[in-house]
Amino acid sequence: MLFANAISDNRNVRSQMFNNQQSIKNVPSNTQEIPGYLQLYQTPPGENISLTEFDEIAMERLKLLKNFENCKDSHPMHTEEFKNKFRKTCDKIKLIVFPDLKPTSSEDIAELWRRDNIGHFILRLAFCRTPENQKWLTQIEGDLLRFRLRQEREVVVDSSLSAVNFPIHKLSSEEKKEMEEDLEHACQVLSIDMKNKAFYKVDFIDAIELIRRGSVHLKKGFAYFPFEDLVTILVSKMKNTTMAAMARAFKHLAILEEEGRLLPRLARLSNNAYSGKDYNGEQADGSIIITRHMIDKLAVRSFAPCMKQMHKNLRLNHHLKYGARRQYGLFLKGIGLSLEEAIAMMRDEFTKKIPSDKFDKEYSYNIRYMYGKEGRRVPQTAMSCATIILNNPPSATDCHGCPFRHSEKQVLKQKLSGESILKKGQVELIVDLAESNQYDKACTRYFEFTHHLEEGGLGQRITHPNQYYEESQKIIAERIAAKHTSDSQTSQKSEPKEEQMDTQ
Amino acid sequence: MSYNSIRLPQDLPIYYKNFFPAKPFVKWLRYGLSYGDYFNRREFAFILADDVHIRYRSYHDELSFFKALTSTNPEKLDIGAVYNHEPINNKRHTDYQAVERELVFDIDLTDYDPIRNCCKNATVCQKCWKFMVLAVKILDFQLDDMFGFKARMWVFSGRRGVHCWVGDKKARMLNNTQRSAIATRLNLFKKNGHCEVTEGRAKMTRVPPIVRDAFNVAMKDGIFEKMVLEQGWLENSDFLDYPYLSEGFRKQMLDLLETFKTPEERWHMLRSVFDEGYRRNLTSNDGLQDVMPVMRDRNFLLYFVLQRCYPRLDVNVSTGTNHLLKSPFCIHPKTGNVAVPLNVEKIDEFDVNSCPRIDRVVEELSSLLAEREADENEDSKNRKFLPYKHGALAPYVENFEKFVYLACIS
């Protein structure tokens, strides 16, 4: 398989890939890096790997990162709550995050190292295609590495330094003695701690973050710092190389003849909601069939604000512009509305203003196209929040887009205040989040408040309108079930009043 | 004698043709590489009369640069960044962006107005220049001692400030984040305008090396002592404005001020209380004070000195890779002064008011030429005559050439 900087032997690699061999060996390609399990991802893997394993490792790592982000969202990193929550999600994942879960056999360790390595580099390829994705991956991988390093004991990190291809030097006791006073004062170490503290030296370029903070000793072009800051240095080194490698990989991706195989895989990894669902409208057996008559009720209960807004617009103006027809139409398809129902629903509305044959001529084609019945004949998937926010911003007359991203502060406030269920403080909180560009967080809070959950009670972040819908339905179903059991337990004189409860 | 800018349009062509040191200048910006590897991607900007800016000029060699300079005769010449493509073709590339440039610092006397008592705003006297002297000495020391930068050039901006160019390879390669981190680190002035002499968690007493070293540099040659007297900082008790001075200690100080009336005495008293190095050489006969400041009071003198002489940087100039900065040897249109590279060692000898001025430099030309005619030596007559190597500019060109040498080997 091809990784970031392996373009030179591109052809060779490609011919190997065409063979699509099953993975042959489980040996790290290059033992320059730490043979243990911590790595700074300096050497990409160079072995053959089966597509099945490719998918599996990539999805696993993505899930891990996603879980990590969710936990980080609800608790500050390095707190006990965070650790406990995150540890639960790490159970089934073949990557060691907590040192005490480290396997004993060296073979197992090597295998974990390999998966760590491959997973990271696949995601680099998958996320190199837009600056937003690059940033997200770099940030989250950096945080994960920071978390893992902080869990480690000093000896482990220390001993692995020599194996990393990074000019970092631990001061000998003589070197330390020579500049002891400066180190103590510059790095703000307590005098009593000085004796046992290890100090390191790197080129000052690699310690830029510390220099900005000021807690580092600078002498003749080198930065000196105590062990605590080593993590900062290593993480920022890793982030810098990742960022640079992704920028390079992006250029090389264009000449990679992998349209049929690797590229769609990579696109899938980075594009759709990171949970791995692509909401193409295919429903699992046994799920409820959705008809157009249910939409009004569902919209009130379970639609994300963007969809609610477009639905309201459709009912009010009996028309939707192109951007909204696509965004809303694909969403409806994603929740399981059939083609016939979708056309019927739009026709019902549109023909209140235009003749029926005009609708057939001008609008039904597009709906059929989205369902893969026209033109390219590829069923399309619903848009994720990232797509909605980054592409095709709405103009003044449009009603698509993301209300948190594309509404003026005042308008957004008005819209939110219109929801009787939200308290004033909650509206403020959501507006503030939207103001500081945290649209996903704003939407998640909106979800939680409208569903009477605690702040952070959802336990994940909304990154897809269809995810919003599914989570909402899940909660409502659970509550109905709970209500049923409690009702049947206590008395049977009144009908379960699910209506009142779940429309909220 | 103040400068009359009416003659500037006539003087500029003569100046550029004879006195602009194009050869070392171009040698500097090549950094020991061939023209095609570096120099041709450097942006120059010409600023003509009436503030007409011509940006994105770039040249293939010394001759084409010199021709453009002598045909345009700009009022001001700016040096920009090295780009990934030739700046002249900037419109042709979508990914056109700055990739390298010298690390630069700008220190301007107007930023010292809160503590400068001799002059205000644009006026500059020999007393004010001492602010620049100490700022340059401190920053020059730090750039070498902390970051290991060797190729440093200090240029008088022509009126009331100095620019620093750091030409080391490592400095040129810095990205914007790194530049801003360095500038942030070197800047001790916080938003409230106070100089921070202790930092971080151990705010109370810990003096980081950067502060201690700056203090030592400032106190070394007695320049600061002269300033204390010239600027009259100790004439009343206003100088006790240290934000962390405890009330008890302030009272003690005010009592001492009653005993020590003249600024000289007060300065001696301050040093004998706060400056450990100075204290050590004193006996009780020399006026050793029996006052022991504790906690943050101990840093009072550090604050007093650095608040007054630590370099006040214009951080924004240092941060941007693509920021344009006035070239050395160009003329300040208001004062007519040549922006001359300074010798840091002898910077206190530099006199702002006798800085080479374009009208005087140009006047000198005829006598220089006559001197050469009179020269009996055949050998030197056959060589090309470079007026900038003679006359008033010569010592500054020498400073420049020293820097160019260091820059090329960096």
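Just so we're clear, the structure is a prediction, and the values are computed from it rather than from any experiment. (Residues numbered from 1 in each chain as written. Chains lettered and ligands numbered in written order. Predicted model: local features only at pLDDT ≥ 70, side-chain atom pairs only at ≥ 80, totals over all residues. Heavy atoms only, no water.)

What about the overall build of chain B?
Consideration 1: If you tally the helices and strands in chain B, you get 16 helices and nine strands.
Consideration 2: Against the 2.2 N^0.38 benchmark of 22 Å for 410 residues, chain B shows a C-alpha radius of gyration of 24 Å, consistent with a compact globule.
Consideration 3: Taking the principal axes of the C-alpha coordinates as reference, chain B spans close to 70 × 55 × 40 Å.
Consideration 4: In chain B, which comprises 410 residues, the proportion classed as buried is 54%.
Consideration 5: Surface exposure of chain B reaches about 18300 Å², of which carbon and sulfur atoms provide 49%.
Consideration 6: Averaged over its 58 positive side-chain charges, chain B has a centre that lies 5 Å from the centre of its 56 negative ones. (Helix = DSSP H or I, 4+ residues; strand = E, 2+ residues; numbered from the N terminus. Rg over C-alpha atoms; globule rule 2.2 N^0.38 Å. Buried < 20%, exposed > 50% of the residue type's maximum accessible area, 1.4 Å probe, protein only. Areas by Shrake-Rupley, 256 points an atom, 1.4 Å probe, with all protein chains shown as cover. Lys, Arg positive; Asp, Glu negative; His and termini not counted. Charge placed at Lys NZ, Arg CZ, Asp CG, Glu CD.)

Description of the interface of chain B and chain A
Consideration 1: Contact residues are listed per partner, giving 24 residues for chain B and 24 residues for chain A.
Consideration 2: Roughly 2000 Å² is buried in total at the junction of chain B and chain A, and carbon and sulfur atoms are behind 52% of that figure.
Consideration 3: Among the residues of chain B in contact with chain A, Asp 145, Lys 170 and Arg 206 of chain B are the three that bury the most area, contributing 28% of the side total.
Consideration 4: On the surface where chain B and chain A come into contact, there are four salt bridges.
Consideration 5: Among the ionic pairs, Arg 212 of chain B bridges to Asp 182 of chain A, the shortest N-O distance being 2.8 Å. (Contact = heavy atoms within 4.5 Å. Buried area = accessible area lost by both parts, 1.4 Å probe. Salt bridge = Lys/Arg side-chain N within 4 Å of Asp/Glu carboxyl O.)

Digging into the nonpolar core
Note that soluble globular proteins tend to have their nonpolar side chains buried in a common cluster.
Consideration 1: Formed by 162 residues in total, the largest nonpolar core has its most connected members in Tyr 15, Phe 25, Trp 28 and Val 305 of chain B.
Consideration 2: Apart from the residues within four sequence positions on either side, Val 305 of chain B is in contact with Phe 215, Ala 218, Met 219, Phe 224, Trp 267 and Tyr 310 of chain B.
Consideration 3: Ile 295, Phe 303, Tyr 371 and Tyr 468 of chain A belong to the second-largest nonpolar core, a separate cluster that totals 55 residues. (Core = buried A, V, L, I, M, F, W, Y, C linked by side-chain atoms within 4.5 Å.)

Considering the environment of Ala 68 of chain B
Residues and elements named next belong to chain B.
Consideration 1: Locating Ala 68 in the fold gives a position in helix α3 (residues 62-72).
Consideration 2: Residue Ala 68 is classed as buried on the basis of its relative accessible area, which comes to 13%.
Consideration 3: Along the sequence, Ala 68 and Arg 57 sit eleven residues apart, while their C-alpha atoms lie 9.4 Å from each other.
Consideration 4: Discounting chain neighbours no more than four positions away, the residues touching Ala 68 are Phe 46, Tyr 59 and Asn 73.

A short note on the sheet that holds strand β5 (residues 103-108) of chain B
Residue and element names in this part refer to chain B.
Consideration 1: The strand order across the open sheet formed by four strands is β5-β7-β6-β9, and the pairing between neighbours is antiparallel. If you trace the sheet from one side to the other, it starts and ends with β5 and β9 (341-342), each paired once.
Consideration 2: In this structure, strand β6 (residues 152-156) lies alongside β9, joined through two bridges in antiparallel fashion. For Trp 154, the partnering residue across the bridge sits in β9 and is Leu 342.
Consideration 3: Running over the sheet, helix α4 (residues 126-145) touches β5, β6, β7 (161-166) and β9 and is turned about 165° from β6. (Pairing = 2+ DSSP bridges. Axes fitted to C-alpha atoms, helices over the stretch in contact; angles between N-to-C directions.)

Some points on the domain arrangement of chain B
Residues and elements named next belong to chain B.
Consideration 1: Structurally, chain B comprises domain 1 (5-187 + 314-409) and domain 2 (209-309).
Consideration 2: One C-alpha centre belongs to domain 1, the other to domain 2; they are set 38 Å apart.
Consideration 3: The interface is formed by 20 residues belonging to domain 1 together with 16 residues belonging to domain 2.
Consideration 4: Where domain 1 packs against domain 2, one counts two salt bridges.
Consideration 5: With a shortest N-O distance of 2.8 Å, Lys 137 and Asp 221 are connected by a salt bridge.
Consideration 6: Looking at the side of domain 1 that touches domain 2, the elements that each hand over two or more residues are α4 and α6 (176-186).
Consideration 7: If one sorts the elements of the side of domain 1 that touches domain 2 by residue count, α4 sits on top with eleven residues. (Domains from an automatic or database assignment.)

A closer look at the packing of aromatic side chains
Consideration 1: A complete count under the given rule lists 66 aromatic pairs over all chains for this structure.
Consideration 2: Note on Tyr 56 of chain B and Tyr 96 of chain B: the rings are 5.9 Å apart at their centroids and 75° apart in plane angle, and the pair reads as edge-to-face. Of the two residues, Tyr 56 of chain B is situated in strand β2 (residues 52-57) and Tyr 96 of chain B in the loop between β3 (76-83) and β4 (98-100); the sequence distance between them amounts to 40 residues.
Consideration 3: Just above the ring of Tyr 371 of chain A sits the side chain of Lys 333 of chain A; from NZ or CZ to the centre is 5.6 Å. (Phe/Tyr/Trp six-rings, centres within 6.5 Å; stacked < 30°, edge-to-face > 60°. Lys NZ or Arg CZ within 6 Å of the ring centre and 35° of its normal.)

Section: the sheet that holds strand β3 (residues 217-219) of chain A
Pairing between sheet strands relies on hydrogen bonds along the backbone, with the strands arranged either parallel or antiparallel.
Consideration 1: Taken together, the four strands give an open sheet; going across it, the order is β1-β2-β4-β3 (chain A), and neighbouring strands pair in antiparallel fashion. Looking at the sheet topology across the chains shown, the edges are occupied by β1 (169-170) and β3 of chain A.

A short note on the pattern of salt bridges
Residues and elements named next belong to chain A.
Consideration 1: Tallied over the entire structure, the rule returns 51 salt bridges over all chains.
Consideration 2: For Asp 360, the salt bridge is made with Arg 347, and the minimal N-O distance between the two is 2.9 Å. Here Arg 347 lies in helix α15 (residues 339-350) and Asp 360 lies in helix α16 (residues 356-362), a separation of 13 residues in the sequence.
Consideration 3: In this structure Asp 360 comes out as partly exposed when scored by relative accessible area, which is 34%.
Consideration 4: Taking relative accessible area as the criterion, Arg 347 reaches 26% and is therefore assigned partly exposed.
Consideration 5: A salt bridge links Arg 461 to Asp 440; its shortest N-O distance comes to 2.9 Å. One end of the pair, Arg 461, is in the loop between α22 (439-450) and α23 (465-490); the other, Asp 440, is in helix α22, and 21 residues separate them in sequence.
Consideration 6: For Asp 440, a relative accessible area of 26% puts it in the partly exposed group.

Details of the domain arrangement of chain A
Residues and elements named next belong to chain A.
Consideration 1: One can read the domain layout of chain A as domain 1 (2-159 + 236-271), domain 2 (164-230) and domain 3 (292-467).
Consideration 2: Taken residue by residue, the interface counts seven residues in domain 1 and eight residues in domain 3.
Consideration 3: Here domain 1 packs against domain 3, burying approximately 650 Å² in sum over the two surfaces, 41% of which is carbon and sulfur.
Consideration 4: The interface formed by domain 1 and domain 3 contains zero salt bridges.
Consideration 5: Across the domain 1-domain 3 interface, the total number found is zero residue pairs in polar contact (both at pLDDT 80 or more).
Consideration 6: The element that contributes the greatest number of residues to the side of domain 1 that touches domain 3 is helix α2 (residues 51-74), accounting for four residues.
Consideration 7: In terms of residue class, the side of domain 1 that touches domain 3 is made up of no nonpolar, two polar and five charged. (Polar contact = N/O pair within 3.5 Å; in protein donor to acceptor, adjacent residues only side chain to side chain. Nonpolar A, V, L, I, M, F, W, Y, C, P; charged D, E, K, R; others polar.)

Some details on the UniProt feature "domain: DNA primase large subunit C-terminal" (unreviewed entry) in chain A
Consideration 1: Residues annotated by UniProt as "domain: DNA primase large subunit C-terminal" (unreviewed entry) correspond here to residues 297-469 of chain A.
Consideration 2: With 62% helix and 0% strand, the stretch residues 297-469 of chain A has end C-alpha atoms that lie 13 Å from each other. (UniProt positions renumbered as here; feature names shortened; annotations may be inferred.)

Section: the UniProt feature "binding site: [4Fe-4S] cluster" (unreviewed entry) in chain A
All names here are of chain A.
Consideration 1: The UniProt feature table records "binding site: [4Fe-4S] cluster" (unreviewed entry) at Cys 306, Cys 385, Cys 402 and Cys 443. Spatial clustering of the annotated residues is evident: they stretch over 138 residues in sequence, but the largest pairwise C-alpha distance comes to 10.0 Å.
Consideration 2: Relative to the helices and strands, Cys 306 is located in helix α13 (residues 305-317).
Consideration 3: Beyond its immediate sequence surroundings of up to four residues, Cys 306 is in contact with Gln 327, Gly 401, Pro 403 and Pro 465.
Consideration 4: Other than its neighbours up to four places away in sequence, Cys 402 contacts Ile 388, Ile 389 and Ser 407.

A few points about α4 of chain B
Consideration 1: For α4 of chain B, built from 20 residues, the straight-helix expectation of 28 Å at 1.5 Å per residue is met to within 8% by its first-to-last C-alpha distance of 29 Å.
Consideration 2: Counting buried positions over the 20 residues of α4 of chain B gives 17, a clear majority of the element. (Expected span 1.5 Å × (residues − 1).)

Examining α22 of chain A
All names here are of chain A.
Consideration 1: The end-to-end C-alpha distance of α22, which contains twelve residues, comes to 16 Å, matching closely the 16 Å that a straight helix rising 1.5 Å per residue would cover.
Consideration 2: Regarding α22, the residues found buried are Tyr 439, Lys 441, Ala 442, Cys 443, Thr 444, Arg 445, Tyr 446, Phe 447, Glu 448, Phe 449 and Thr 450.
Consideration 3: His 452 occupies a position one or two residues after α22 and carries a positive phi of about 55°.

Some thoughts on the environment of Glu 56 of chain A
Residue and element names in this part refer to chain A.
Consideration 1: By the secondary structure assignment, Glu 56 is in helix α2.
Consideration 2: The class for Glu 56 is partly exposed, based on a relative accessible area of 37%.
Consideration 3: Between the C-alpha atom of Glu 56 and that of Gly 119, which follows or precedes it by 63 residues, the distance is 9.2 Å.
Consideration 4: Discounting residues that sit within four places of it in the chain, Glu 56 has contacts with Lys 94 and Arg 115.

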